[in-house]
Amino acid sequence: MASIKEYLTNDHRRCDEIFASMEEAANESLADAKELTQEFVDATERHFQMEERVMFAEFEQKTGMTQGPTAMMRQEHTQMRSLMQQMIDAIDANNKDKFFGLTETLMILLQQHNMKEEQMLYTMAQQHLSADADRIVDMMDSIVPE
Amino acid sequence: MELTGLSTDQAPPISAPLRFFLTAPIFAMLAGVLIFTTEAQTLMSRYSYETIAITHALTIGFLGFVMLGALTQMLPVLAGVKIYKVESLTIASYILLVIGLLSMVFGLYFQKQILNFIASGTLTLGFLLLIIPMLFAIKKVVNFTPTVKAMGVSLVFALLSILFGAHLLASHANSNITDSHYIFANIHSVWAIFGFAGLLIIGVAFQVLPMFYVAPRFKQFCKKRVVLLISIGLILWAVTSIFFNSYAVVTKIWIGIFFWAFVTTVWIKLNQRRRPITDVTVLYWRSSSVFLTIGIFAWVFNTFLDDKMIVPVSILIGGGFLISIMIGMLYKIIPFLVWFHLNARGYMNIPTMNEMIDKRVSKIQYILYVLSLIGFTISYFYPKFLELSSLSFILSMILLEYNVINPVLIYSKIIKTKPDFDMSAFGMMQEE
């Protein structure tokens, strides 16, 4: 079984791949990219929920840190959810410039967010939650996004 | 475990990096004006006071300012550490560096030794005020990634080149030029260019290329060994230059090979990137790879020409490689910082990054800049091109300033309005 860090890091890379395919498709035709955009939004939303509902919750319970790094990460999730909604709106309005402006912003926000998680939070989580790692990965793996 | 990097409260205020970023193109314009007004013959010598003055307007004024601004921003995000009293230290350092650099440029240009004395002290203090706390911050890093290691090594080379530079300028102001002066000058410049700026770029590229362009990651060998191998090369180069000068060319080839391998890798990775967009930052990475390739071979070959070609070599490496990449980085980092800080304060209706910088103007800026580099290189052999090239350079820097100031104007306009969400309530909710 993969560690928490590996599992979530791999999921970041999976989302990056869908993101790249989405942009590739949007570069050809914005309308054709709608399906991939939805796929990216769903994959990212699922990732956020694996963190918020499982890993962050376990981390907060174990460490008692509810206003620390996880609060910051939750806030950045909110920022990204708003950008993703705007991307879907831009596709509906067939506004390619707006769409790529949003993906550019999202890309940087997402990457610096991932970096903070991969380099700090996941490492901390792995240390504090190592005894329950298998159970937590299992729970994340079987999550059904709300 | 250090948690500070995870909070925007701990990151420096937006004014800290922006102050440095917005000033950099202004010093480049000053350099351009000085090139325009100086005799071509004078600029052909590396050791003329005018050449040294103009070089430092670019190396400290442009490269140094961009790198310091970027490091204050990147260390909290990439390394997760807080720089001691970053807000007040960036202000103090900035003021000292501006005073110091103006004193140095005009002190050398017009041979006013009192200004050179002032410059030697203020510049050194200005740099150390930020570099020392940054080195201490890096010491506290828990998770040492290759990028953070490269930043640390780059800052050590920065520290050493600055101390050499302070000595050189002070001894010049004293008219105390000994034989060792030229050896120190060489070590100062090579360590500053390849050690401070070069290694920082390599370290940041490990992160930025896969991140921004969804390009394949760098190989472990590259990430783990290249910075070390180049550092060894730079130290061996200094040792051979002092004691066994005839062997110095071997160490130059050593350094050259790794930088060339780096830019070739960058080129290949950009070819393999998953993001289809070719924006001006991709163009800057591309052209800087080409300029470095020509420049680094010319640098090695120049050894056999008794260093006669050092001026065009410096244009290719300093302007074509280093400044190019830094300009590209400014185009990404400034609009993002504006967006990020506004969003964190609860503003939702913010122009996207692409709406903050006019794509056409940035393309024109790029073309003018590349033309000026080619023009400067040709001017070394055909001086009649110098004036035209310097005009193209000045214009490109005016356009760069226009491009990077626009997002900041958008920021100051939006920040005066009421946020869509009151984020202070968010903080309070958490505390309850």
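Residues numbered from 1 in each chain as written. Chains lettered and ligands numbered in written order. Predicted model: local features only at pLDDT ≥ 70, side-chain atom pairs only at ≥ 80, totals over all residues. Heavy atoms only, no water.

Help me understand the overall build of chain A, please; the structure alone is not making it clear to me.
Secondary structure assignment for chain A yields five helices and zero strands. Of the regular secondary structure in chain A, the N- to C-terminal order runs α-α-α-α-α. Here the C-alpha radius of gyration of chain A, 16 Å, is about what a compact globule of 146 residues would show, namely 15 Å. The principal-axis extents of the C-alpha atoms in chain A amount to approximately 50 × 30 × 25 Å. Across the 146 residues in chain A, those meeting the buried criterion constitute 58%. Across chain A, every contact between residues at least 6 apart in sequence was considered, and the portion connecting residues at least 24 apart equals 79%. Here chain A displays about 5,800 Å² of accessible surface, and carbon together with sulfur accounts for 47% of that area. (Helix = DSSP H or I, 4+ residues; strand = E, 2+ residues; numbered from the N terminus. Rg over C-alpha atoms; globule rule 2.2 N^0.38 Å. Buried < 20%, exposed > 50% of the residue type's maximum accessible area, 1.4 Å probe, protein only. Contact = heavy atoms within 4.5 Å. Areas by Shrake-Rupley, 256 points an atom, 1.4 Å probe, with all protein chains shown as cover.)

How should I be thinking about the overall build of chain B in this particular structure?
Helix and strand content of chain B: 15 helices and zero strands. Relative to the globule expectation of 22 Å for 432 residues, the C-alpha radius of gyration of chain B, 21 Å, shows essentially globular dimensions. In terms of its C-alpha atoms, chain B occupies a principal-axis envelope of roughly 70 × 45 × 45 Å. Counting only residues that meet the buried cut, chain B has 58% of its 432 residues in that class. At a minimum sequence separation of 6, the contacts of chain B that also span at least 24 residues come to 78%.

So what exactly am I meant to see when it comes to the pattern of salt bridges here?
A side chain of one charge can pair with a side chain of the opposite charge when the charged atoms of the two come close. Taken as a whole and assessed by the stated rule, the structure comprises 20 salt bridges over all chains. Between R13(A) and E118(A) there is a salt bridge, with its nearest N and O atoms 3.1 Å apart. On the criterion of sequence distance, the pair formed by R13(A) in helix α1 (residues 4-28) and E118(A) in helix α4 (residues 96-129) is long-range, its members being 105 residues apart. On the basis of relative accessibility, which here comes to 15%, the residue E118(A) falls in the buried class. One salt bridge connects E23(A) with R275(B), and the closest N-O pair in it is separated by 2.5 Å. Linking E23(A) in helix α1 with R275(B) in the loop between α9 (248-271) and α10 (280-301), this pair reaches from one chain into another. We note that E23(A), like R275(B), is buried. Through salt bridges with shared partners, one network takes in E23(A), E104(A), R275(B), D279(B) and K332(B). (Salt bridge = Lys/Arg side-chain N within 4 Å of Asp/Glu carboxyl O.)

Help me understand the interface of chain A and chain B, please; the structure alone is not making it clear to me.
Many descriptions give the size of an interface as the accessible area lost when the pieces come together. Across the boundary between the two partners, chain A contributes 42 residues, which contact 38 residues of chain B. Around 3,700 Å² of area is buried between chain A and chain B when both sides are counted, 61% of it from carbon and sulfur atoms. Linking chain A to chain B there are six salt bridges. A salt bridge links E355(B) to K98(A); the nearest nitrogen and oxygen atoms lie 3.8 Å apart. The tally of links between chain A and chain B comes to five residue pairs in polar contact (both at pLDDT 80 or more). Sort the elements by how many residues they give to the side of chain A that touches chain B and α4(A) lands first, with 20 residues. (Buried area = accessible area lost by both parts, 1.4 Å probe. Polar contact = N/O pair within 3.5 Å; in protein donor to acceptor, adjacent residues only side chain to side chain.)

In this structure, what is going on with helix α3 (residues 49-79) of chain B? I would like to understand it.
Residue and element names in this part refer to chain B. Its axis deflected by about 35° at Q73, α3 carries its strongest bend there, up to four residues before the proline P76. Burial analysis of α3 places 26 of its 31 residues in the buried class, which makes it a mostly covered element. Once α3 ends, the next one or two residues include G80, with phi positive near 70°. (Bend = angle between axes of the 7 residues up to and from the residue.)

Before we go on, may I ask you to explain α4(A) in this structure?
For the α-helix, the turn length of 3.6 residues means that residues three or four positions removed from each other point alike. The largest bend along α4(A) measures about 40° and falls at E117(A). Two or three places before D97(A), at the opening of α4(A), N95(A) has a side-chain oxygen 3.4 Å from that residue's backbone nitrogen.

Teacher, can you tell me more about unusual backbone geometry here?
Trans is the common state for peptide bonds, and a negative phi is the common state for residues other than glycine. Residue and element names in this part refer to chain B. With a phi close to 50°, Q111 is a non-glycine residue in the positive phi region. Its identity as a non-glycine residue notwithstanding, D307 has a phi of 60°, on the positive side. Its location among the elements puts D307 in the loop between α10 and α11 (310-344).

Could you clarify how one ought to interpret the packing of α3(B) against helix α4 (residues 86-109) of chain B in this entry?
For any two helices packed against each other, the geometry comes down to the angle between their axes and how far apart the axes lie. Residue and element names in this part refer to chain B. One way to put it is that α3 packs onto α4 with a least axis distance of 8 Å and a crossing angle of 170°. Looking at the two axes, α3 sits roughly antiparallel to α4. In contact with Y49, E50, I52, A53, H56, A57, I60, G61, F65, L68 and T72 of α3, α4 contributes V86, T90, Y94, L97, V98, L101, M104, V105, L108 and Y109. (Axes fitted to C-alpha atoms, helices over the stretch in contact; angles between N-to-C directions. Parallel < 35°, antiparallel > 145°, perpendicular 65-115°, else oblique.)

Looking at this structure, I do not really get the environment of L110(A). What am I missing?
Residues and elements named next belong to chain A. Structurally, the position occupied by L110 is in helix α4. Expressed as a C-alpha distance, the spacing of L110 and E17, which sit 93 residues apart in the sequence, is 13 Å. When neighbours within four sequence positions are excluded, L110 is seen to be in contact with F40 and M80.

What is the right way to read the environment of I277(B) from this model?
Residue position: I277(B) is located in the loop between α9 and α10. Spatially, the C-alpha atom of I277(B) lies 17 Å from that of I333(B), the residues being 56 residues apart in sequence. In contact with I277(B), not counting residues within four places along its chain, are E23(A), F100(A) and V282(B).

I would appreciate a short explanation of the nonpolar core in the present structure.
Nonpolar side chains tend to gather and get buried jointly when the protein is soluble and globular. In terms of nonpolar packing, the biggest core is built from 179 residues, with F40(A), F62(B), W299(B) and M397(B) touching the most fellow members. Take this core: its biggest share by element is 22 residues, from α11(B). Those residues in contact with F40(A) that sit more than four places away from it in its chain are C15(A), I18(A), F19(A), M22(A), M84(A), M87(A), L106(A) and L110(A). Core analysis: the second largest hydrophobic core is formed by 20 residues, L8(A), Y122(A), L129(A) and V137(A) among them. (Core = buried A, V, L, I, M, F, W, Y, C linked by side-chain atoms within 4.5 Å.)

I keep staring at the packing of aromatic side chains and nothing clicks. Help me out?
The geometry of two aromatic rings is summed up by the distance between their centres and the angle between their planes. Residues and elements named next belong to chain B. Tallying each qualifying case throughout the model produces 28 aromatic pairs over all chains. On the numbers, 5.1 Å between centres and 70° between planes, the contact of Y109 with F110 is edge-to-face. By relative accessible area, which is 48% here, F110 ends up partly exposed. An aromatic cluster is defined as three or more aromatic residues linked by ring pairs; in this entry it consists of Y284, Y366, Y369, F376 and F393. Here the guanidinium or amino end of K269 rests over the ring plane of F218, the centre of that ring lying 5.4 Å away. Note that R286 overlies the ring of W267, its terminal NZ or CZ placed 4.4 Å from the centroid. (Phe/Tyr/Trp six-rings, centres within 6.5 Å; stacked < 30°, edge-to-face > 60°. Lys NZ or Arg CZ within 6 Å of the ring centre and 35° of its normal.)

Which parts of the structure should I look at to understand the packing of α4(A) against helix α7 (residues 180-213) of chain B?
Where α4(A) contacts α7(B), the two axes come as close as 9 Å, and the packing angle between them is 130°. Our classification of the angle between α4(A) and α7(B) gives oblique. Viewed along their axes, α4(A) and α7(B) form a crossing whose handedness is right-handed. Residues M107(A), I108(A), Q111(A), Q112(A), M115(A) and Q119(A) of α4(A) form the contact with α7(B), whose participating residues are Q207(B), M211(B) and F212(B). Partitioned by chemical class, the residues of the contact of α4(A) with α7(B) number five nonpolar, four polar and no charged. (Left-handed = near helix turned anticlockwise from the far one by under 90°. Nonpolar A, V, L, I, M, F, W, Y, C, P; charged D, E, K, R; others polar.)

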